[in-house]
Amino acid sequence: MPLKRSILLALAALLLAGGALWVAHRPAPPPRQATLEDVRREAEAGGYRLITTAELGQRYQQEPAGLLLVDTRQDWEYRAGHIKGAVSFPLEPSAWGRWRAKKPLAALLGPDKNRLVVFY
Amino acid sequence: MAVQLGYENVYRDPVGFPAWKEQGLPVAATPWCPPEGDGSESCPGPTSGLALVWTLLGVFAGGLALNLTPCVYPLIPITVSYFGGQSPGSKARLAVHGLLYLVGLAVTNSLLGVAAALTGGLMGAALQHPVVVVGVALVLVIFASSLFGFWELRLPAGLTRAASRSYMGYFGAFFMGLTLGVVAAPCIGPFVLGLLTWVAGQGSAWLGFIVFFTLSLGLGTPLFVLALFSGSLDRLPRSGEWLLWVRRLMGWVLLAMAAYFLRPLLPQAWGVFLLGAVALLAGLHLGVLDRTAAVGRALAGLKGAAWMAGIIIATLMIGSWALRGPGVAWQPYSDSLLAQAQKLGKPVIIDFAADWCAPCRELEDITFHHPQVVEKAAKAFVMIKVDLTRKGNPQSQALLVRYQVKGVPTVLFLDKNGQECKDLRLVDFLPPEPFLARMDAAAGK
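The shown structure was predicted, so the numbers you read here are calculated from the model rather than taken from an experiment.

What follows is about the overall build of chain B. For chain B, the count of helices and strands is 18 helices and six strands. Looking at chain B alone, contacts between residues at least 24 apart form 83% of all its contacts between residues at least 6 apart.

Moving on, we come to the sheet that holds strand 4 (residues 348–353) of chain B. Residues and elements named next belong to chain B. Pairing in this open sheet of four strands is mixed, and the strands run 3-5-4-6 from one edge to the other. Strands at the two margins of the open sheet, each flanked by one partner only, are strand 3 (331–332) and strand 6 (410–414). Running at roughly 160° to strand 5 (residues 382–387), helix 14 (residues 335–344) makes contact with strand 3, strand 4 and strand 5 of the sheet.

This brings us to the sheet that holds strand 2 (residues 67–71) of chain A. Strand order in the open sheet formed by five strands is 1(A)-1(B)-5(A)-2(A)-4(A), and the pairing between neighbours is parallel. Among the strands making up the open sheet, the edge pair consists of strand 1 (49–50) and strand 4 (87–88) of chain A.

Here we come to the confidence of the model for chain A. Considering every residue of chain A, the mean pLDDT works out to 83; 99% of them sit at 70 or more. Per-element averaging of pLDDT across chain A places helix 4 (residues 75–80) of chain A at the bottom with 74 and helix 1 (residues 3–25) of chain A at the top with 90.

How big an interface is tends to be expressed through the accessible area that disappears when the partners come together. Listed per partner, the contact involves 49 residues of chain A and 45 residues of chain B. Listing elements by their share of the side of chain A that touches chain B, those giving two or more residues are helix 1, helix 2 (36–46), strand 1, helix 3 (53–62), helix 4, strand 3 (82–83), helix 5 (95–109) and strand 5 (116–119) of chain A. Tallying contributions element by element places helix 1 of chain A first for the side of chain A that touches chain B, with 13 residues. Within the side of chain A that touches chain B, the residues separate by chemical class into 31 nonpolar, 11 polar and seven charged. Relative to strand 1 (residues 10–12) of chain B, strand 5 of chain A is paired through three bridges, and the arrangement is parallel. Bridging across to strand 1 of chain B, Phe119(A) finds its partner in Arg12(B).

Okay, the nonpolar core next. All names here are of chain B. Tyr101, Val348, Ile349, Ile350, Phe352, Ala353 and Val408 are the most contacted members of the largest nonpolar core, which totals 66 residues. When residues of this core are assigned to domains, at least three map to each of domain 1 (51–230) and domain 3 (331–443). Excluding its chain neighbours within four sequence positions, the residues that come into contact with Val348 are Leu338, Ala341, Phe381, Val382, Ile384 and Leu414. Val133, Leu140, Leu254 and Ala258 belong to the second-largest nonpolar core, a separate cluster that totals 34 residues.

Moving on: the pairing of strand 4 of chain B. All names here are of chain B. Burial runs high along strand 4: six of the six residues are buried. Burial along strand 4 is two-sided: the residues Val348, Ile350 and Phe352 and Ile349, Asp351 and Ala353 are all buried. Inspection of the sheet shows strand 4 paired to strand 5 by six bridges, in the parallel sense. Paired with Ile349 across the bridge in strand 5 is Met383. Pairing of strand 4 with strand 6 involves five bridges; the strand directions are antiparallel. Across the sheet, Ile350 pairs through a bridge with Leu412, a residue of strand 6.

Criteria and cut-off values
- Residues numbered from 1 in each chain as written.
- Chains lettered and ligands numbered in written order.
- Predicted model: local features only at pLDDT ≥ 70, side-chain atom pairs only at ≥ 80, totals over all residues.
- Helix = DSSP H or I, 4+ residues; strand = E, 2+ residues; numbered from the N terminus.
- Contact = placed C-beta atoms within 7 Å.
- Pairing = 2+ DSSP bridges.
- Axes fitted to C-alpha atoms, helices over the stretch in contact; angles between N-to-C directions.
- pLDDT = per-residue confidence, 0-100.
- Nonpolar A, V, L, I, M, F, W, Y, C, P; charged D, E, K, R; others polar.
- Core = buried A, V, L, I, M, F, W, Y, C linked by C-beta atoms within 7 Å.
- Buried ≥ 20, exposed ≤ 12 C-beta atoms within 10 Å, placed from the backbone.
- Domains from an automatic or database assignment.

Printed below as a string of structure tokens:
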């Protein structure tokens, strides 16, 4: 291989590797906290309503039988502590996760389309 | 976005559990660490019925994947010369010979594996004893030098004669397989360390044999195919110039493998620089210095790629080692340390590791150097490392018995009462994120 080409390729390789190292080691930006506005917009797009913990608590104590609580956090979070009576259903916040969850979720929720379901 | 299933009364509580708990509403938990020792808990593991079939399929695929490690290279020329040297018979006869060869290999490998897993417990210690490691590395270097063209690889005359005369029968092929299994076994050891630990944990020789046999079948399948075709290999047109280049490339892969095996014996910085140097020299040799007549543009491109790849690998390796932050601050085991942790109400993580075990190094280099893991460990945990690199420390041996540790790596999580959370125990590499989850679970959050 001609010397000039070797040197050029070497420089390109060094740049690539250096860039990759920089990307891997740059300080990570702090994760953005979702605002109330974000949550509201998301609910609208997803076609569900929001409920406050106070209201949920009231309903929970009035008629616990008609309420289905679904814990969508990770399995280990559920194990560490959850609302009493809630069912664990870990849901990945991605399109693939939602697509995969469709069938088992339908089985979990049952045939009654009017029943009260609360996710958290 | 959400999953659309047509339910009417769907709500979401965006703050969920933390706020609920704060208001004192009823909660429940499924503890990872059962407060009382109920040792008789038996999980339906992947060893019964249909699950076993899937496990074995996975193991077979793993065996196939092991062919990517250059450990198998030394077996290739031997296989070719053994089967190529046989008198041309019918295809069916050749297939039966190849099959017997494959079964012979698998039998040796699985016997070695099971024996090692069940007798030694910590069998890695035997396979990765410095003498064995240096031996394997030496074999790899010798084969590499053959690929570089310093000498021509030929079977020892005695073996060739034996193969062509008395051992020609079906038993001969089986016997060849039995013998050659010994060549591959020590080299593959480190890659199946997790499997060895698992088999040791199951404690069933029969199951262990089946698992290792399946693994070896997967490992040997490409060799079987090679055996089938090696009869007609002689008729291939003479290899072109580019084949020489590929041989040199293979040689460098073998050298890199040798460096990888030697690495645990060296101080850490030396190991990193050795691997980096091999990558750089490989790029220099294959890319810049190589005088193979350029037969086409493809080879010129390959050379450039090899040169660049060598530089990139070396830079990444040395760079990420140099830029790495501090790791977990381990403490050596002592009874008083454990008692102190219990008094402070701190959970404890005990890592059983050894320098020669690849997954242990991976755990140390990746998971135990992850900034979040390091931070959490420093804040809320007592971190204890038990080094099993050298055998014969009575204190470590006592710990192995006490916690029923079957191999390395093993990571134990003790809750703040000093009870082990058996659910959390690790016997393989785990990436930082799930490891953080286990730490939280052990801390009882």
